[in-house]
Each structure stands twice: as C-alpha cells, then as structure tokens.
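Take a look at the letters that make up each chain.
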Amino acid sequence: MTQGTCPACGAAVEFSAGSAQVVVCGHCQTVVARQGASLEAHGKVGAIVETDSPLRLGAEGRLGRDAYRLVGHLQKDHGAGPWDEWYVEFDDGRTGWLSESEGAFHLLIASGTEQGLSLEDFPPGHRFSLAGHRLVVEERGHGRVVAAEGQLPDDVDPSADSHYVDATGPKGVFVTLDFGTWSTDPEVYVGKKLKLTELGIAPDQLRPRVKKVALQQARCTQCNGPLELRAPDQTKRVACPYCGALLDVRKGKLAFLQLLEKPDPGPRIPLGARGTLEGTEWICIGFLVRSCTVEGVRYPWEEYLLFNRERGFTWLMESNGHWVFLIPLDAGDVSVAPGIAAHREGQRYRAFQSVEAVTETVLGEFYWEVRAGETSHATEYVAPPYSVSVDETENEVTYTLGEYLAPGVVQEAFGLKEPLPEPHGIAPSQPNPHSSGPAWMWAGIWSLALLAVFLVLNVLAANEVVLEETVRLDLDARSGTPAAIHFSKPFDIHKHGNVRAELTSPVNNSWLGVQAELVNEQSGDVIGFYEEVGYYSGSDSDGSWSEGDQTETEHLSSVPPGRYVLRSQALFDGTPRGQSYTLKLVSDTPRALWFFWALVLLWVLPLFAVFRASSFETSRWAESNLDSGSGE
C-alpha cells in the first residue's frame, strides 16, 4: 500500500491495489500517478455523475472461489450519454473490468495483448476464433473517458478517443478487444455476461438505483404535453405522442431533436398497456413503423417495444395481422451461413428474406438513439413457428429469436377491447396449419393395428382344401354344350367364410373358361362364378414374347357351411384336343386384397395432408427473396 498527498491540493491519497498506477483524488479530481516513491499530478478528470448502476467503489464480490474488489471507476461517453466501467482486482492478482449494458453485466479478465489484429478487420457480424472461443462481433465502437474515481491501471486522458470491439460466443462468452487510441494490437479481455445476482456481491454493498424522478412526469419541450416515461432510468430517446417531437434524454433533461409525423392509425397496443407473455408482465413503452421496398413495392410492419424491470427489453412485431414475439439473442449463440441458413441449439433456420429496413415512424421511449429515417440491413431465417432475425448497421449487429403468435394470444395477453385484424397472406414463421405429421402418425398406428388383425385372421383361418378335381374333356365335347359339363363329388364346407376358387389349365396359345355353380344340397342355394385362363407365346423381330397365365383365382364371399356339389361347364376355342382343367376350392381363407385396399384408404388422408402442406409451403416460399437451397 502506498499513501501520500495529492500534489495538487494536498489531500490524502492511497494506493491499496497493487496493480493500480494512478489514483483519482477524491477532493479535487486530479489524476495522481506513482513515479517511484513520489507522486505526480497528471491533470484533472471529471467527477462521476449519478447513474442507475447498483455498483459502488470498494464493493467486494466472489465468483466461485475467486474473490475480487471494485477498486476503480470510469465513465465513458461516445456522445449519447455515459456508461460505467469498473476496474476489478482479484485476490490472486488478476485484473479486469466490470461493465453494465441494458441491465446485463460483463465481467472481463485481462488476457494479454493480441498482436497483428486490426480494428478494420472486425466489422459487425464478423466471425472469428480467439482465446479458444468461436466469436461474433456484435459492436464496434469508441468512447472517451469523461469521469473517473478510485484507482486505475493506466493514466487517464479525457481528450483521447479509444476504440473497442465487443464479441460474443456460445453460452454467454463475452470478449472485448480494446484497441485504445490505436487501430492494431488490442488488449484482450475475456469473460461472460452475468446477472447482478451472479456477481457474488452482498446486497448491503450495493446502492439503490438512482431514479430519474423528473422524467417520470416530464413535459414535451415543443407542445408541453405530459410525457410519462415508464423506463426513465434506461430511456435515451422519447417521441411525444401529441406533436410527434423526438426528444433526446440526457442527464435527466429533454432536448428536441426533430419533428416526426404522427402515426395514423396509432398503435394497436396502446403505450403504457401491460400484458403477460411467457409468464412475464411487460409494459408497452415504444412503437415503430418500419418498412422495406422490394421491386418497387413498399412492405411496412409495426414493432412494439416491451419493458420489464427484471428482464429488460423485448419486442412484438406485427405484419399483415401476423404477430411475432422477439427476444434478444447473443450473436455467439447462433451459427450463420449468410443468406443460406442459421443454426441454434441444433435447430436449422432457413434463410427467408434479406432487405434494407427503414424506420419511418417513432412513438414512445427507446433505449437507443432512434431516429426516423435510420436504416439497417435485416435478414430473417425461419423454422416455423420460430425465426432468427439479424439486424446490421455500420457499427452494430443484433440477433433476436422470434416466436409466431396468433392474434388472439396478443389480444388476451394485453386485454385489448378492440379485436385485432385477421391475418392475411402467409407469414415467414407462420406454422403450417396443414401439417401432415399427425395424419402420418395415426395412419401408421391404424396400419399396424390392421396388420395385426390380418395376421391374427390368417393364423386362425382354416385354409381347408375342400375340393380339388381335374377334369379331362372328351375329344367330341363342344364348348358350352352338355358334353362339356362336369359334376364334382359331394364335399363339405365346415366353416362360414370366404372360399378361394383356383382354375388351372395347361393351355398354350389358346384359352379356356369355366362357368361354375356351387350348389348347396340341403338348401338348394346356388353360388355362381366364372373363371378363364389364357396363355399365348411366340417370337418376332424383337425376340420371344408371352402373355397371359395358366392359373386364375376367384374369391367367393360369405359361403355358409354345408354339403355342396360343384357344377362346371367348360368354354373354349375350337376342339378340346385333350384339354383338361383343375378346380381347387379352399375354404375360410382371408383375402389379402381387402387388407391392401384398407391400407390404401388409411393413407389417403396423410397423402392429402402432404399435398395441402406442400401447397402452403410453396405459397410461403414464393414470397422469399432468397435462394436458400432445398430447405429442411
């Protein structure tokens, strides 16, 4: 520990952090540097202004077994208001920085300098590997130190503009490349995004958040209309709902920026409305109308900014009556083949559209420096009912995960009295209402059940041969005459059911038919049937050929048990020439054809569902302006 007096004012200063090279005098804001055993004054720096950060200098925390302390505090600004960064020293001598952004905290540990890297090589969306992590650039920015307190590792130059690159990786990994005032060889800081409760800082060491009370009941600087800000601690821009003035929010004051055209009609979800989605109560605080132009046609959509003090900000988007609930994603959690597909948690999202999005209308309050007329490049990847959207500007890229919502869900969530418009057209992430999955599933289940029944019937079936006789025709017999009639010996059918009749004849380049009657000797009932066989063969310039068959089968349905005689009369072409035929009757034999047609009927519905689902997808992808391959 080094103690001494401030060279500028004589107040006591103390170096308790071994890694600190300068300390800011708490009395006069002079930056005091260690030079051997002496202390030197290196100019003055601004005093810290109150923000809504819950952290305070000297607070101690613990991550697992690693204890640390906040020993220094910087406030930086790039023109839109300051943000806080805290210099951290661990008990084991490691150092790093803790920063806060939109309610999330990033604890980053210094891991040395990376030689050969250039700032211009890291545009937003750029993917690279560093320190064993696969990373995606989310922001490339700059800022000046405007205020400081406590002990710091380096001298502070309020006139210097330093540059940085923020990148994210899977599972919350966060990396900052600090280029300082140079454009190459950055210092690398590696860590992850954490919640306040994960910082391991005791509640009694945190300070209450400073509320911008004046902004909760502020008035428009242009029309004096009342502006009830619902997230005053995090709002940077607010658009007056009365006159359309866009106002900048800095240090608790409102400053006029530009006059906007008021939306007509207004938002379907009123500003200030509260609704519950995903088990969280949200308040609607902002409204945007954005659009894109494709082949000369303007396509507008609406976006609603939702806020919850614990979960931060999220979005609802409406287009042509279709609604999508959007939550922020870390870019590092998504793998992207630009214009083809995105992958997240094993799910493939197919590229649907890529457009230049323009902000046309602004209403309410926002956490960034929104302006009418600002543009971004937007790409949407879909895996209905979900989507991944990528918004890119010159210095920043943001990822969001969308889930399609029916209008009734939104209406019920926010208790809207007026019914929302019915959707028209097909939305990129709209679920296919004609999904064939259930139809295929049930068809499969019933097919298996039908197969089981068919197998059981075959096992239980008698398959009894009740008659098998061969009839030889006399040489003087003529087709269809009494001489061609034959009566079988009597036989018994023991079981009610089907009877399979098989006709076989050694015909060659001829045909033979049999008109048969199954006569019940007890009842006199007659069951008639006709079978015919024909077989022809030969050769021509194309080679040998043949057609027909010497065996045919006929099924007789619902034949009752009893004693029968089979009367058969042969029909043939020309003279019999010693022809013969064999008739075979098999009792109680299940018919496979019935099983086949039952299967056909079972699969008609899923095939029809496939047709409807395919037509729906064809209509959906007809609206895409990207060729992303064959899809899933």
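Criteria and cut-off values
- Residues numbered from 1 in each chain as written.
- Predicted model: local features only at pLDDT ≥ 70, side-chain atom pairs only at ≥ 80, totals over all residues.
- Heavy atoms only, no water.
- Helix = DSSP H or I, 4+ residues; strand = E, 2+ residues; numbered from the N terminus.
- Rg over C-alpha atoms; globule rule 2.2 N^0.38 Å.
- Contact = heavy atoms within 4.5 Å.
- Areas by Shrake-Rupley, 256 points an atom, 1.4 Å probe, with all protein chains shown as cover.
- Lys, Arg positive; Asp, Glu negative; His and termini not counted.
- Charge placed at Lys NZ, Arg CZ, Asp CG, Glu CD.
- 1 Å grid on protein atoms, 1.4 Å probe; cavity = no way out; pocket = protein on both sides within 12 Å on 5 of 7 lines; lining within 4 Å.
- Points joined across faces, edges and corners; volume = space filled by probe spheres on them.
- Nonpolar A, V, L, I, M, F, W, Y, C, P; charged D, E, K, R; others polar.
- Core = buried A, V, L, I, M, F, W, Y, C linked by side-chain atoms within 4.5 Å.
- Buried < 20%, exposed > 50% of the residue type's maximum accessible area, 1.4 Å probe, protein only.
- Pairing = 2+ DSSP bridges.
- Axes fitted to C-alpha atoms, helices over the stretch in contact; angles between N-to-C directions.
- Phe/Tyr/Trp six-rings, centres within 6.5 Å; stacked < 30°, edge-to-face > 60°.
- Lys NZ or Arg CZ within 6 Å of the ring centre and 35° of its normal.
- Salt bridge = Lys/Arg side-chain N within 4 Å of Asp/Glu carboxyl O.
- Arc of directions from axis to C-beta.

Caption draft 1: Here's a closer look at the overall build of the protein. What the protein contains, in helices and strands, is four helices and 41 strands. Its C-alpha atoms give the protein a radius of gyration of 42 Å, clearly above 26 Å, the size a compact globule of 632 residues would have. Taken along the three principal axes of its C-alpha coordinates, the protein extends 145 × 55 × 55 Å. Put simply, 61% of the contacts in the protein that link residues at least 6 apart link residues at least 24 apart. By element, 52% of the accessible surface of the protein is carried by carbon and sulfur atoms, the whole surface being about 31,600 Å². Averaging the positions of the 51 positive and the 83 negative side-chain charges in the protein gives two centres separated by 6 Å.

Caption draft 2: Looking closely at empty space enclosed by the protein. Summed over the entire model, instances satisfying the criterion amount to one cavity of 30 Å³ or more. One number sums up the size of the largest cavity: a volume of about 40 Å³. L467, E469, V471, H486, S488, L566, S568 and L583 are the residues that line the largest cavity. Breaking the lining of the largest cavity down by element, the ones donating at least two residues are strand 32 (464-472) and strand 40 (562-572). In terms of residue count, strand 32 provides more of the lining of the largest cavity than any other element does, three residues in total. Taken together, the residues that form the lining of the largest cavity break down as four nonpolar, three polar and one charged.

Caption draft 3: Geometry of the nonpolar core. Ranked by internal contacts, the top residues of the largest apolar core, which has 26 residues, are F491, I493, L518, L566, Y581 and L585. Breaking this core down by element, the ones donating at least two residues are strand 32, strand 34 (491-493), strand 35 (497-504), strand 36 (510-520), strand 37 (526-540), strand 39 (551-559), strand 40 and strand 41 (580-587). With 25 residues, the next largest nonpolar core counts V22, A33, V71 and L152 among its residues.

Caption draft 4: Here's a closer look at the sheet that holds strand 35. Strands sit in the order 32-41-35-39 across an open sheet of four strands; the sheet is antiparallel. A single partner strand is all that each edge strand has here, and the edge strands are strand 32 and strand 39. Strand after strand, the sheet turns through a mean of 15° between neighbouring axes, direction not considered. Sheet topology places strand 32 next to strand 41; eight bridges connect them, and they run antiparallel. Across the sheet, the residue bridging to L467 is L585, located in strand 41.

Caption draft 5: Structural detail: the packing of aromatic side chains. Per the stated rule, a full pass over the model turns up twelve aromatic pairs. Pairing W282 with F325 gives two aromatic rings, centres 6.2 Å apart and planes at 65°, and the pair type is edge-to-face. Of this pair, W282 sits in strand 22 (residues 280-294) while F325 sits in strand 25 (residues 322-329), and the two are 43 residues apart along the sequence. In this structure, W282 and F325 share a single accessibility class: buried. An aromatic cluster is present here, built from F122, F128 and F179 joined pairwise through their rings. Here the basic side chain of R350 rests over the ring of W621, its NZ or CZ set 3.8 Å away from the ring centre.

Caption draft 6: Spatial organisation of the pattern of salt bridges. In total, this model carries 16 salt bridges according to the counting rule given. Where E345 meets R344, a salt bridge forms, and the shortest distance between an N and an O atom there is 3.5 Å. Of the residues examined, E345 reaches a relative accessible area of 70% and is grouped as exposed. The network of salt bridges with common partners includes D66, D92 and R94.

Caption draft 7: Seen up close, the side chain of N498. Tracing the backbone through its elements, the reader meets N498 in strand 35. By relative accessible area, N498 is classed as buried at 10%. Ignoring sequence-local partners within four residues, the contact set of N498 consists of L556, S557, S558, V586, S587, D588, T589, R591 and W594.

Caption draft 8: Summary view of helix 2 (residues 407-414). Buried within helix 2 we find P407, V410, A413 and F414. The arc enclosing the buried residues of helix 2, seen along the axis, measures out at 130°, which places them on a common side. Summarising the contacts, the buried residues of helix 2 are in contact with strand 21 (274-277), strand 22, strand 23 (297-308), strand 24 (312-319), strand 25 and strand 31 (397-405). Following helix 2 by one or two positions, G415 has its phi on the positive side, about 60°.

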